[in-house]
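# A structural walkthrough
Next come the chains, spelled out residue by residue.
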Amino acid sequence: MNHSLQMSKMDTRFTLRFMAKKEGQLLREALQEWRISKRALTAIKFDGGLLTVNGIERNVRYALQVDDCVEVMFPPEEKSEGLTIEYGDLAIVYEDDTILVLNKPAHQSTIPSREHPTNSIANLVCGYFEQQGIASTAHIVTRLDRDTSGLLCIAKHAHIHHLTGLAQRNGEISRQYEAIVQGHVHQDRQSIVAPIGRKETSIIEREVREDGQYAHTDVTVIKRFYLGAEPMTHVGLKLHTGRTHQIRVHMSSLGHPLVGDELYGGSRLHMDRQALHCVSLNMRHPLTCEHLQFTSMLNEDMQNLLKGSSD
């Protein structure tokens, strides 16, 4: 796909540039091939965006010639309603004009909730964008539970969020986690394929249930150990789907809840949160298709738990 990104300090609107490759192709058809969504085209038409061919404004019925330069200027975005702009530290692992990859600490929400309306990653990202002069809001690509630490990805624009959403649905974004669970997991490798749905008696909890959504987790034992007399297992996990609380529910269903995960049967004797960390994120760049891989070391609390272990 032959395109480039143009960002001007004088104009914070997100602009993409493409080169036409098919003689006589309608601009509308080319935009579809370039994965510009109908929703984005509507916003461009009515909310201050612009379509130009060789610097001249055109509508979607314009017939392109080979090597025409098409510029798609998206309208400025406004932050999501109810999302307060806040300022604070973000552990930035990677950043370019399209995405932001962060290392999220434990005990911090990805998005604000009724119980935790402030200091979420989304609040702080909005503040960061404002400081950087980026006319956008926080588009969460890979979300983590409040007490889960590690890597998460944020798109800097709705169109990039659209592209990463397509990539997720096609299985092109891969996340690896590590967890410490209670008991000794006997199988060295196993796949858990079990549907997950909301528990009828709770608005928060999920459970494995026949009428739930398809969910698939791969589990690999890294180390079986004891903490005192307590058997535990350090496991690696790969998500093939992204259901709410997926790892926590699947491991609990095996009889091995995560250490610290009281909601799903774990004990908080050794940790005050579920022992779960996103250690690896693999994806293709939404525009260049370059392979990107990011890694993150376990949080100190999980490292300390492993240091106190014995075989």
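These numbers come from a predicted model, not from an experiment.

## Regarding the confidence of the model for the protein
Confidence in the prediction for the protein averages 92 pLDDT; 96% of positions are at 70 or higher. Of the regions scoring below 50 in pLDDT, residues 6-10 engages in eight contacts with residues more than four places distant in sequence or in other chains.

## Some remarks on the pattern of salt bridges
Under the definition given, this model contains 13 salt bridges. Among the ionic pairs, Glu95 bridges to Lys156, the shortest N-O distance being 2.7 Å. Of this pair, Glu95 sits in strand S6 (residues 92-95) while Lys156 sits in the loop between strand S9 (149-155) and helix H4 (158-169), placing them 61 residues apart in sequence. Look at Glu95 and you get partly exposed, because its relative accessible area is 31%. Under the relative-accessibility criterion, Lys156 is labelled buried at 8%. Here Glu207 ties to Arg209 by a salt bridge, and the two come within 3.2 Å at their closest N and O atoms. Overlapping salt bridges, with partners in common, bring together Glu200, Glu207, Arg209 and Asp211 in one network.

## So, helix H6 (residues 300-307)
Taken as a whole, H6 has its buried residues at Met302, Leu305 and Leu306. For H6, the arc enclosing every buried residue in end-on projection is 95 degrees, short of the 170-degree limit, so these residues lie on one face. Opposite the buried face of H6, by more than 90 degrees, sit the exposed residues Glu300 and Lys307. Residues of H6 that are buried in the fold lie against strand S10 (174-182), strand S14 (216-227), strand S15 (230-239) and strand S16 (276-284).

## Here's the deal with the side chain of Ser296
Note that Ser296 resides in the loop between strand S17 (291-295) and H6. The class of Ser296 is buried, set by a relative accessible area of 11%. Side-chain polar atoms of Ser296 contact the side chain of Asn103, separated by 2.9 Å. Of note is the side chain of Ser296, whose polar atom sits 2.9 Å from the side chain of His277.

## Topic: the packing of aromatic side chains
Summed over the entire model, instances satisfying the criterion amount to four aromatic pairs. Between Phe14 and Phe74, the aromatic rings sit 5.6 Å apart at their centres with planes inclined by 55 degrees, giving tilted as the arrangement. With a gap of 60 residues between them, Phe14 in the loop between strand S1 (3-6) and strand S2 (15-19) and Phe74 in the loop between strand S5 (69-73) and S6 connect regions that are remote in the sequence. Note on Phe14: relative accessible area 4%, which makes it buried. For the ring pair Tyr94 and Phe294, a centre distance of 5.2 Å and an interplane angle of 45 degrees mean the geometry is tilted.

## Concerning the pairing of strand S3 (residues 50-53)
Each regular strand carries side chains that alternate between the two faces of the sheet. With four bridges joining them, S3 and S5 adopt antiparallel strand pairing. Across the sheet, residue Thr52 finds its bridge partner in S5, namely Glu71. Taken together, the two bridges between S3 and strand S4 (residues 56-57) define a ladder with antiparallel strand orientation. Paired with Thr52 across the bridge in S4 is Glu57. Where S3 folds back on S4, the antiparallel hairpin that results is connected by two residues, among which Asn54 adopts a positive phi of roughly 55 degrees.

## A short note on the pairing of S14
Looking at chain direction, strand S11 (residues 189-193) and S14 are connected through five bridges and run antiparallel. By the bridge assignment for S14, Gln190 is matched with Val219. Two elements, S14 and S15, share ten bridges in a ladder whose sense is antiparallel. By the bridge assignment, Val221 is partnered in S15 with Val235. Between S14 and S15, which pair antiparallel in sequence order, lie two residues; one of them, Gly228, sits at a positive phi of approximately 70 degrees.

Cut-offs used in this document
- Residues numbered from 1 in each chain as written.
- Predicted model: local features only at pLDDT ≥ 70, side-chain atom pairs only at ≥ 80, totals over all residues.
- Heavy atoms only, no water.
- pLDDT = per-residue confidence, 0-100.
- Contact = heavy atoms within 4.5 Å.
- Salt bridge = Lys/Arg side-chain N within 4 Å of Asp/Glu carboxyl O.
- Helix = DSSP H or I, 4+ residues; strand = E, 2+ residues; numbered from the N terminus.
- Buried < 20%, exposed > 50% of the residue type's maximum accessible area, 1.4 Å probe, protein only.
- Arc of directions from axis to C-beta.
- Polar contact = N/O pair within 3.5 Å; in protein donor to acceptor, adjacent residues only side chain to side chain.
- Phe/Tyr/Trp six-rings, centres within 6.5 Å; stacked < 30°, edge-to-face > 60°.
- Pairing = 2+ DSSP bridges.

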